[in-house]
Amino acid sequence: MAKVLTSRSENYAQWYNDLVIKADLAENSAVRGCMVIKPYGYAIWERMQAELDRMFKETGHVNAYFPLFIPKSFFSREAAHVKGFAKECAVVTHYRLTADEENGGLKVDPSAKLEEELVIRPTSETIIWNTYRNWIQSYRDLPILINQWANVVRWEMRTRLFLRTAEFLWQEGHTAHETRAEAVEETLKILGVYATFAEQFLALPVIKGIKSETEKFAGAEDTYCIEALMQDGKALQAGTSHFLGQNFAKAFDVMFASKEGKQEYVWATSWGVSTRLMGALVMAHSDDNGLVLPPKLAPQQVVIVPIYKTPEEYAATVERAHLIKSQLVKHGITVKVDDRDTHKPGWKFAEYELKGVPVRLAIGPRDLENGTVEVARRDTLTKETVPMESLEVYIPALMDQIQAEIYNKALRFRTENTHKAETWEEFLDLVEKGGFISAHWDGTPETEKAIQEETKATIRCIPLDSIDEPGICIKTGRPSNRRAIFARAY
RNA sequence: CGGGGUAUGGCGCAGUCCGGUAGCGCACCUGGUUUGGGACCAGGGGGCCGCAGGUUCGAAUCCUGCUACCCCGACCA
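Residues numbered from 1 in each chain as written. Chains lettered and ligands numbered in written order. Predicted model: local features only at pLDDT ≥ 70, side-chain atom pairs only at ≥ 80, totals over all residues. Heavy atoms only, no water.

Asks: What is the right way to read the sheet that holds strand β24 (residues 458-463) from this model?
Replies: Where strands meet in a sheet, backbone hydrogen bonds hold them as pairs that are either parallel or antiparallel. Ordered in space as β3-β9-β10-β16-β13-β12-β11-β24-β27-β23-β22, the 11 strands form an open sheet in which the pairing is mixed. Each edge of the open sheet carries a strand with a single partner, namely β3 (62-63) and β22 (418-421). In the sheet, strand β10 (residues 167-177) pairs with strand β16 (residues 267-274) via eight bridges, with the strands oriented antiparallel. Bridged to threonine 175 within β16 is threonine 269. Of the strands in this sheet, β13 (235-245) and β16 are in contact with helix α8 (residues 276-285), which crosses β13 at around 145°. (Pairing = 2+ DSSP bridges. Helix = DSSP H or I, 4+ residues; strand = E, 2+ residues; numbered from the N terminus. Contact = heavy atoms within 4.5 Å. Axes fitted to C-alpha atoms, helices over the stretch in contact; angles between N-to-C directions.)

What follows is the structure, given as structure tokens:
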């Protein structure tokens, strides 16, 4: 087979870039740091959106849309929030272009300067809480459970397709509650939705945890996250859910009259996942032959390739392919019959492998004669011959099996690459090997920073299911009562 | 924002040192033979050589100045 990808062992970063481009997921655009998401990549994103959207609605959320532009003054209302985002904001200063007499073309019209500059949203807490102020008067107006699907802009120094782009697509949920307990419950409920989604749809095992003070969202009281491990041993944050306390309510003066008739500040949460999940999907499962998609996310779950020599064979195999398609479609499986005569079977095989289609069926004259079909699995690259009449039962079951096995493979990889470090030497050794490291930490930002500066490893999270366990900090030797998960991260 | 690199048909590159009418592979088009793992033969089309100046009889090539993108670091989902 002609090799179109750099291998993972040769250069992991290059492999990732090659794969994203060759599998037609996305490409770099004419705009610095911004990508074009191509139809195939967007179809996968749409699968993610559809499922998440369903899960959000099921938990009582509704969609809405808030503006792309945010008055600059809104940003300075919440101190930590400004500090967190100020360095990466794109700002609109003018509203008109005019002919450039000197150099030709167009120039920004200096007379069209905005009264107040507009920040292109890096996230929408400020505009949303400014709006919620008008929506909330009484406890009867609560809770507000809103999600929006949107694009956001963060002016990153260095970008990588899907993992970090200047503009990206995401969903951001913003909820308002009567009590602290209710908001905390919401934060954790969404974290659970994210974890379920990652594990059941992306086939991506994740660790649910809470961020350290250093790593938490600017403006949050607590940030929870799901952390996943990529094949190169680096961690990737796949989703975050923030308990915002009353920070934004205070900054935007959002109060409600409680049942007791007192004016109280509203409790808030916000949460999001982005197109970064596409990067997670690629780096978690794919191999040197291309993308490996879990069936639940694959835009095409099955592709059927007819094999033929003569026009008669073409007609017969294609007819059989469509027959099989009609049977599988009844079971909710998405099937594509590739009856193009412009490409040879071998070419098609390689192409669908690159694109990660979970199952490929090939039907040739021999199969017509024997009443069989060749079934090839993308995840294992194995092939077998299956009787035509059993496909209707076999393929749907195979989809579930592949979904489960991809997850189990990723889980096994994570288990094999998660280790406890008891000493600083062990820690240094494990950091070089990659993977998650579970280690005691004295809980101070200073120690966290020191560890990061020496090893480039950061605290990914303190797992929610971690147990109280007395120990000593690997760096300082001071007492610790809980382990944190460390890793080098994307 | 530092350091490095690149810019030549749709894509990947050679040509630049040493100036003389722009070439290769893939892709594309036509015809034929092929078709169970990226077919083969023959013919064909397609390029202000990133942009702007300059030197020269003559510039992809030399000089000056821009711009964009990629990679490596510091910051971030």
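Next, the rest of the story.
Asks: Explanation requested: the pairing of strand β27 (residues 483-487) in the structure shown.
Replies: Within a regular beta strand, the side chains point alternately toward one face of the sheet and then the other, so they alternate between its two faces. Counted residue by residue, β27 has five buried out of five residues, so it is predominantly covered. Burial along β27 is two-sided: the residues Arg483, Ile485 and Ala487 and Ala484 and Phe486 are all buried. Bridge analysis of strand β23 (residues 436-440) against β27 gives four bridges, and the strand direction is antiparallel. Of the residues in β27, the one forming a bridge with serine 438 is isoleucine 485. The pairing of β24 with β27 spans three bridges and is classified as antiparallel. Of the residues in β27, the one forming a bridge with cysteine 461 is isoleucine 485. (Buried < 20%, exposed > 50% of the residue type's maximum accessible area, 1.4 Å probe, protein only.)

Asks: Would you mind going over unusual backbone geometry with me for this structure?
Replies: Of all residues except glycine, most have a negative phi; of all peptide bonds, most are trans. Look at the link from leucine 142 to proline 143: it is a cis peptide, with omega at -5°. Note on placement: proline 143 falls in the loop between α5 (125-135) and β9 (144-153). At alanine 203, a position not held by glycine, the phi torsion is positive, near 55°. Tracing the sequence through the fold places alanine 203 in the loop between α6 (180-200) and β11 (207-210). Overall, alanine 203 belongs to the buried group, its relative accessible area being 0%. Positioned with a positive phi, lysine 456 is a non-glycine residue whose angle comes to about 65°. Relative to the assigned elements, lysine 456 resides in the loop between α14 (445-455) and β24. Assessed through its relative accessible area of 62%, lysine 456 is described here as exposed.

Asks: Explanation requested: the sheet that holds strand β18 (residues 335-337) in the structure shown.
Replies: As summarised here, the arrangement of the five strands in space is β18-β17-β19-β20-β21, forming an open sheet in which the pairing is mixed. Pairing within the sheet leaves two strands with one partner each, and these edge strands are β18 and β21 (383-387). For this sheet the average axis-to-axis angle between neighbouring strands, irrespective of direction, equals 25°. In the sheet, strand β17 (residues 302-306) pairs with β18 via three bridges, with the strands oriented parallel. Residue pairing in the sheet places valine 303 in a bridge with lysine 336 of β18. Relative to strand β20 (residues 372-377), helix α12 (residues 391-416) is tilted by about 10°, and along the sheet it contacts β17, β19 (359-363), β20 and β21.

Asks: Just checking my understanding: could you explain the state of the cysteines for this structure?
Replies: What is meant by a disulfide is a covalent connection between two cysteines, made through their sulfur atoms. With the rule as written, the count across this model stands at zero disulfides. Sulfur of cysteine 89: no disulfide; nearest cysteine sulfur belongs to cysteine 34 and is 15 Å away. Note on cysteine 225: no disulfide assigned, nearest cysteine sulfur contributed by cysteine 461 at a separation of 4.5 Å. According to the relative accessible area criterion, cysteine 225 is buried, its value standing at 0%. (Disulfide = S-S within 2.5 Å.)

Asks: Is there a simple way to explain the packing of helix α2 (residues 39-58) against α8 in this structure?
Replies: Geometry of a packed helix pair, given as the angle between the helix axes and the separation of the axes. Viewed as axis vectors pointing N to C, α2 and α8 meet at an angle of 105°, and their least axial separation amounts to 10 Å. Taken together, the axes of α2 and α8 lie roughly perpendicular to each other. For the pair α2 and α8, the contacting residues are Gly41, Ile44, Trp45 and Met48 in the first and Leu277, Met278 and Leu281 in the second. Residues belonging to the contact of α2 with α8 are distributed by class as follows: six nonpolar, one polar and no charged. (Parallel < 35°, antiparallel > 145°, perpendicular 65-115°, else oblique. Nonpolar A, V, L, I, M, F, W, Y, C, P; charged D, E, K, R; others polar.)

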